[in-house]
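# Working through the structure, step by step
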Amino acid sequence: MHLRRPDLTEAAAKSNLIDTILEDLDLVNMSSNLIGNLSGGERRRVSVATELISDPAFLLCDEITTGLDMYQALKLIRCLKSLKQTGILCTIHQPPTQVYSLFSRSMYLVGGRVVSEGAPLAILEHFKSVGYECPASSNPADFVIRILSAGCIREMPYQRFIQHVQGIYDKSTAKRNTNLLIEIQAKTISKVIIDHKSRSLSFWTEWLLLTKRSLRCISRDKVYRRVRLVQVIFIATVLGLLYLKTEQTNVQNIMGSLFFLLINVSFSGLFATLQTFPAELAIFRREYRGKVVRVGPYYLAKTLSELPFYLIYPTIYVIIAFFLVGYTISAEKFFTYWFLMLLSYHTSLSLGYFLSTLTSTPEAANAIGLPVGVIIFLFAGLAFTVYT
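### Some details on the overall build of the protein
The number of helices and strands found in the protein is 15 helices and four strands. Split into buried and exposed, the 388 residues of the protein put 38% on the buried side. The long-range fraction of contacts in the protein, counting pairs at least 24 apart against all pairs at least 6 apart in sequence, stands at 68%. Put simply, the protein shows about 23,100 Å² of open surface, and 62% of that area lies on carbon and sulfur atoms.

And the structure:
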């Protein structure tokens with residue numbers, strides 16, 4: 001809310017706007033639910049509600065009813081139609097008859113060109129005038145799409161029909177009115193974009209809001225944090241027991257413990273951040289293109305909000321492993337070892353962040369993370385000796 005409407009400074013104005021949007025989209029009863037617990041239709045309405053906060057001049061909804069049953073699709077379109085101050089343009093495939101009847105105007109495209117546009121019933125009358133009458137029992141949208149699709153496969157009778165329909169539309173007043181409307185809307189959009197840029201927050205205010213959002217997301221993912229903590233304790237204990245109370249004169253065991261403890265902490269840091277950005281890439285792109293967030297505040301908020309955990313986990317790991325292995329116990333050596341392990345962990349975190357920015361999916365991030373990590377650790381100096 002604060003990111004999308006920084007011009008609203010009073011809490012009452014923000015609350016009223018949210019309540020209005022929730023009522024318009026029939027989301028009041030589920031306002032306290034997490035998005036993961038909502039149905040498909042409810043999630044679509046939440047997506048629309050999120051965009052309405054920015055007070056857009058119009059919404060472009062791409063296949064908004066795809067994957068929804070007829071009831072959910074009808075409910076969603078009715079909610080959109082109830083929005084009086086926002087123009088809505090939907091791309092939709094095979095809408096049910098009840099949904100199609102709610103459209104104010106329809107436009108059909110063939111090969112990227114408009115072949116018919118106007119009120120739904122007027123389009124049917126137009127097709128009837130050229131010899132194609134829609135049966136009473138047929139879905140009007142399916143009827144028109146079936147005819148136009150046949151034209152796309154270049155069957156000659158239909159192809160001539162498509163050219164004829166295109167020619168009629170190109171000479172019609174409907175096309176001139178549509179072009180005029182597009183010019184008016186383009187000017188409106190330009191004003192909205194300029195106004196939106198004037199609303200932008202300062203760098204640090206945006207960073208603070210994004211940090212709060214990241215911390216809220218972290219607080220909800222309690223299971224993952226507990227699993228990570230158990231994993232750290234378990235691995236540190238296993239490695240510590242494997243090299244339990246190693247004698248200081250046993251060079252091979254000392255080197256082995258140093259190597260495996262370092263490798264584990266480094267790989268843990270690498271894979272902890274490897275999927276950070278691919279997992280949120282779609283959301284970030286949408287917000288970035290909408291001028292809601294900037295790269296700098298987003299990156300700082302994402303990394304610094306995780307920092308406390310990236311200090312706690314390696315510290316617990318070092319405490320357990322250091323005393324179980326039985327390295328020379330002194331404050332100086334302990335804190336030196338802790339600092340070096342922490343430095344290695346955060347270096348791997350940085351590498352993970354870097355690799356995550358190069359990929360668009362978590363699978364691709366994992367695919368390049370392992371070989372890159374192995375190559376780097378081969379040259380860490382613990383796997384072989386240069387001089388003897």
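### Re a nonpolar patch on the surface
Together, Phe271, Leu370, Val374, Ile375, Leu378 and Phe379 give the surface a local cluster of nonpolar side chains, amounting to about 580 Å² of exposed area. No other element matches the four residues that helix 15 (residues 362-378) contributes to the nonpolar patch. By the element assignment, Leu378 lies in helix 15.

### Considerations on the pattern of salt bridges
All told, the structure shown has six salt bridges when counted by the stated rule. Its salt-bridge partner being Arg286, residue Glu51 comes within 3.9 Å of it at the nearest N-O pair. With Glu51 in helix 2 (residues 40-52) and Arg286 in helix 12 (residues 281-289), the pair connects residues that are 235 residues apart, well separated along the chain. A salt bridge links Lys302 to Glu280; its shortest N-O distance comes to 2.6 Å. Here the residue Lys302 occupies a position in helix 13 (residues 295-325), and Glu280 occupies one in the loop between helix 11 (251-273) and helix 12, the gap between them amounting to 22 residues. Exposure remark for Glu280: the relative accessible area of 25% places this residue in the partly exposed category.

### Topic: the environment of Thr205
Here Thr205 is to be found in helix 9 (residues 203-220). Residue class for Thr205 comes out partly exposed when judged on its relative accessible area of 36%. In sequence terms Thr205 and Leu3 are 202 residues apart; their C-alpha atoms lie 9.3 Å from each other.

### What to know about empty space enclosed by the protein
On inspection of all chains with the given rule, the structure shows one cavity of 30 Å³ or more. By volume, the largest cavity is sized at about 80 Å³. Taken together, Arg228, Gln231, Val232, Ile235, Asn264, Val265, Ser268, Tyr313, Pro314, Tyr317 and Tyr345 make up the lining of the largest cavity. Only helix 10 (222-242), helix 11 and helix 13 provide two or more residues apiece to the lining of the largest cavity. Per-element tally for the lining of the largest cavity: the top contributor is helix 10, with four residues. Split by residue class, the lining of the largest cavity holds seven nonpolar, three polar and one charged.

### Some points on helix 15
Between its first and last C-alpha atoms helix 15 spans 25 Å; for 17 residues at 1.5 Å apiece the expected length is 24 Å, and the two agree. For helix 15, every residue scored as buried is listed here: Ala365, Gly369, Gly373 and Phe377. On the buried face of helix 15, the contacting elements are helix 11 and helix 14 (331-357).

### Some points on the nonpolar core
If you look at the biggest cluster of nonpolar residues, it comprises 43 residues, and the most contacted ones within it are Leu25, Tyr108 and Leu148. Ranked by residues supplied to this core, first place goes to helix 3 (residues 70-81) with six residues. Among residues more than four places away in sequence, those in contact with Leu148 are Tyr108, Val110, Val115, Phe127 and Ile162. Within the second largest apolar cluster, 33 residues are counted, among which are Leu210, Val292, Ile320 and Phe322.

Conventions adopted
- Residues numbered from 1 in each chain as written.
- Predicted model: local features only at pLDDT ≥ 70, side-chain atom pairs only at ≥ 80, totals over all residues.
- Heavy atoms only, no water.
- Helix = DSSP H or I, 4+ residues; strand = E, 2+ residues; numbered from the N terminus.
- Buried < 20%, exposed > 50% of the residue type's maximum accessible area, 1.4 Å probe, protein only.
- Contact = heavy atoms within 4.5 Å.
- Areas by Shrake-Rupley, 256 points an atom, 1.4 Å probe, with all protein chains shown as cover.
- Patch = residues over 30% accessible without salt bridge, like charges linked within 9 Å, V, L, I, M, F, W, Y side chains within 5 Å.
- Salt bridge = Lys/Arg side-chain N within 4 Å of Asp/Glu carboxyl O.
- 1 Å grid on protein atoms, 1.4 Å probe; cavity = no way out; pocket = protein on both sides within 12 Å on 5 of 7 lines; lining within 4 Å.
- Points joined across faces, edges and corners; volume = space filled by probe spheres on them.
- Nonpolar A, V, L, I, M, F, W, Y, C, P; charged D, E, K, R; others polar.
- Expected span 1.5 Å × (residues − 1).
- Core = buried A, V, L, I, M, F, W, Y, C linked by side-chain atoms within 4.5 Å.

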